[in-house]
Amino acid sequence: YFETFGCQMNVADSDRMELLLFHSGYIRTHLRDDADLILINTCSIREKAEQKVMSLLGQIQPLKNINPDMMIGLTGCLAQQEGERIARKFPGLDLVLGPDAIENVAQAIEVAKTSKPLVWTEFDSAREYSIPNMQDNRYQGPSAFVNIIKGCDKFCSFCIVPFTRGREKSRDADEIYREAAQKIANGAREIILLGQNVNSYGKRGLTKPTQFHELLRRVASVPGIERMRFTTSHPMDFTAETISAYHDLDVLMNHLHLPVQCGSNRILERMRRGHSADHYLKLIDDLKTAVPNISLSTDIIVGFPGETDEEFRKTLTLMEYVEFDNSFMFAYSPRPGTPASEIEDDVPEKVKSERLQETIKLQKSLTERNGKRYIGRNVEIMVEDATNRNGADFRGRTPQYWMVYLKGGKGIVKPGDRVKVQVEEARGHSFIGFYRN
């Protein structure tokens, strides 16, 4: 049984561990009570991550009391950062694996049966990043994740990722192509390329140099691929060639998640982002010129140490200029071990909360304004699965990543189909509409 927290990289890591364990004789269950092995794949980006994990471990302990042979493992970024300490606090924990150890999950479980707790958080010392190919005939839905790079070399002052995921290493382009082709052969229609900073791909770990825009064109040539996306990007590595790929590649969907974090150059410098607000806006202008119907989303942090009200207002101004469809918005909280945690956190919690609420309010208005433009129009979606939410029969996403709840199509529509929907209502970052094919 898996419990997965955090980003899409963690989801992909859980999927990889499931495949490795399948080849070792395990079958995944979606019922926690049935499990002989429970793995909690963790995230450490947000505050209170440890409290959530400890609470979950407390819920699982009674199951282990009933079944003493049950094994409990902690994996992911929080395991890398705090695993040894959590193992001391929770004696029922059998193993702790950092992100670099997931390829060895089956071996680790065998060792942990006689040596508890097993803590494996050393970073992989190999210069190259490879995910060995294994027979995998599972159909996991119309969208499939493919990791292309791990780690991050940016060292933003607020971010723990370089310390939990290590330095950047890229996978060989041929290996990525083969994995994408296998997933398409297994029934996927969309490939989502993953990394902490995907557009830094190719800078380290490759014997055959390949740049990110070249990789995009390579994966776009996989037979049968209908859609392609990638996440997450950094403004300092986003190139004119990547913008051209959006224009040239029909399968590359018109959506980009490009974190800006704030609109103040002084705060961006304190964050060690490496770019200015003007640099970011120039990228956005160039992208909108090349791809007028591009949909944009971002990350925003408010209340970073030293942020004045005037600097906060610059963030709102930037958001209004770009007109993001969606934003992931947070009030700053210091993460232990990051450079920013050494800076005096001088913005009162009340002020952080007020700024966050104002940011959320602005984004809500931008999303509503952008969503209204689609009402009455026909949009294409790729159907993900059946649903009964909002009175719909199916749901899927547009190329611009809006979720659409589709009414109608029973007995005709199936996951993976690309169908037309007439949008009748915009509700948050989703639409409700009717089947039109």
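This report concerns the structure included in the present document. (Residues numbered from 1 in each chain as written. Predicted model: local features only at pLDDT ≥ 70, side-chain atom pairs only at ≥ 80, totals over all residues. Heavy atoms only, no water.)

## Notes on the nonpolar core
Leu193, Met228 and Phe230 are the most contacted members of the largest nonpolar core, which has 67 residues in total. With 6 residues, the single largest contributor to this core is helix H10 (residues 277-290). In contact with Leu193, not counting residues within four places along its chain, are Val146, Ile148, Val198, Leu215, Leu216, Val219, Met228, Arg229, Phe230 and Thr231. Membership of the second largest hydrophobic core comes to 19 residues, among which are Val53, Leu74, Leu93 and Val96. (Core = buried A, V, L, I, M, F, W, Y, C linked by side-chain atoms within 4.5 Å. Buried < 20%, exposed > 50% of the residue type's maximum accessible area, 1.4 Å probe, protein only. Helix = DSSP H or I, 4+ residues; strand = E, 2+ residues; numbered from the N terminus. Contact = heavy atoms within 4.5 Å.)

## As for the sheet that holds strand E13 (residues 326-331)
Strand order in the open sheet formed by 3 strands is E11-E12-E13, with parallel pairing between adjacent strands. A strand with exactly one partner marks an edge of an open sheet, and here the two such strands are strand E11 (255-257) and E13. The sheet shows a mean angle of 10 degrees between the axes of neighbouring strands, taken without regard to direction. As paired elements, E11 and strand E12 (residues 295-302) share 3 bridges and run parallel to each other. Following the sheet pairing, His257 is matched in E12 by Ser297. Sitting on the sheet, helix H12 (residues 349-372) is in contact with E12 and E13, with an inclination near 175 degrees to E13. (Pairing = 2+ DSSP bridges. Axes fitted to C-alpha atoms, helices over the stretch in contact; angles between N-to-C directions.)

## With respect to the pairing of strand E17 (residues 418-427)
Here strand E14 (residues 378-386) pairs with E17 via 5 bridges, running antiparallel. In the strand pairing of E17, Asn378 is matched with Gln422. Sheet topology note: the E17/strand E18 (residues 430-435) ladder contains 6 bridges and is antiparallel. Considered in E18, the bridge of Ala426 is made with Phe431.

## Regarding the side chain of Glu311
With respect to the element layout, Glu311 can be found in helix H11 (residues 309-322). Of the polar contacts made by the side chain of Glu311, one reaches the side chain of Arg266; its length is 2.6 Å. When near neighbours in sequence (up to four residues on either side) are disregarded, Glu311 contacts Ser264, Arg266, Ile267 and Gly306. (Polar contact = N/O pair within 3.5 Å; in protein donor to acceptor, adjacent residues only side chain to side chain.)

## Focus: the packing of aromatic side chains
Taken as a whole, this structure holds 7 aromatic pairs when the rule is applied. Look at Phe304 and Tyr332: their rings are 5.0 Å apart centre to centre, the planes differ by 65 degrees, and that puts the pair in the edge-to-face class. Here Tyr332 lies in the loop between E13 and H12 and Phe304 lies in the loop between E12 and H11, a separation of 28 residues in the sequence. The residues Phe304 and Tyr332 share a single accessibility class, namely buried. On the numbers, 5.0 Å between centres and 40 degrees between planes, the contact of Tyr374 with Phe431 is tilted. Taken as a pair, Tyr374 in the loop between H12 and E14 and Phe431 in strand E18 lie far apart in primary sequence, 57 residues in all. An identical accessibility class is assigned to Tyr374 and Phe431; each is buried. Three or more aromatic residues link up through ring pairs in this structure, and these residues are Phe212, Phe230 and Tyr246. (Phe/Tyr/Trp six-rings, centres within 6.5 Å; stacked < 30°, edge-to-face > 60°.)

## Section: the pattern of salt bridges
For the structure shown, the criterion picks out 43 salt bridges. One salt bridge connects Glu18 with Arg28, and the closest N-O pair in it is separated by 2.9 Å. Here Arg28 lies in the loop between helix H1 (8-22) and strand E2 (37-42) and Glu18 lies in helix H1, a separation of 10 residues in the sequence. For Arg28, a relative accessible area of 33% corresponds to the partly exposed category. For the salt bridge of Arg204 with Asp153, the shortest nitrogen-to-oxygen distance reads 3.7 Å. One end of the pair, Arg204, is in the loop between strand E9 (190-194) and helix H7 (212-220); the other, Asp153, is in the loop between strand E7 (149-150) and helix H5 (161-165), and 51 residues separate them in sequence. Since its relative accessible area comes to 23%, Asp153 is described here as partly exposed. By sharing partners, the salt bridges in this structure join Asp15, Glu18, Arg28, Asp136 and Arg138 into a single network. (Salt bridge = Lys/Arg side-chain N within 4 Å of Asp/Glu carboxyl O.)

## Digging into the sheet that holds strand E6 (residues 143-147)
The strand order E6-E9-E10 describes an open sheet built from 3 strands, whose pairing is parallel. The sheet is open, and its two borders are formed by E6 and strand E10 (227-231), each paired with just one other strand. For this sheet, the mean inter-axis angle between neighbouring strands, taken without regard to orientation, is 25 degrees. Of the strand pairs in this sheet, E6 and E9 are connected by 5 bridges, and their pairing is parallel. Bridging from a neighbouring strand, Phe145 pairs with Ile192 of E9. On the sheet, helix H6 (residues 173-185) packs against E6 and E9 and is oriented at approximately 165 degrees with respect to E6.

## Some words on the packing of helix H2 (residues 49-66) against helix H3 (residues 77-89)
One can describe the packing of H2 onto H3 by two numbers: an axis separation of 12 Å at closest approach and a directional angle of 45 degrees. As the angle between them shows, H2 and H3 are arranged oblique. Crossing angle aside, the handedness with which H2 passes H3 is right-handed. Where H2 approaches H3, its residues Ala49, Glu50, Val53, Met54 and Leu57 are matched on the opposing element by Leu78, Glu82, Arg85, Ile86 and Lys89. A breakdown of the residues in the contact of H2 with H3 according to their chemical character gives 6 nonpolar, no polar and 4 charged. (Parallel < 35°, antiparallel > 145°, perpendicular 65-115°, else oblique. Left-handed = near helix turned anticlockwise from the far one by under 90°. Nonpolar A, V, L, I, M, F, W, Y, C, P; charged D, E, K, R; others polar.)

## Quick notes on unusual backbone geometry
Residue Pro117 is reached from Lys116 by a cis peptide bond, and omega for that bond is -15 degrees. With respect to the helices and strands, Pro117 occurs in the loop between helix H4 (105-112) and strand E5 (118-120). Even without being a glycine, Phe155 presents a positive backbone phi close to 55 degrees. Along the chain, Phe155 turns up in the loop between E7 and H5. Non-glycine residue Asn390 carries a positive phi angle of around 55 degrees. Judged by its relative accessible area of 25%, Asn390 is partly exposed.

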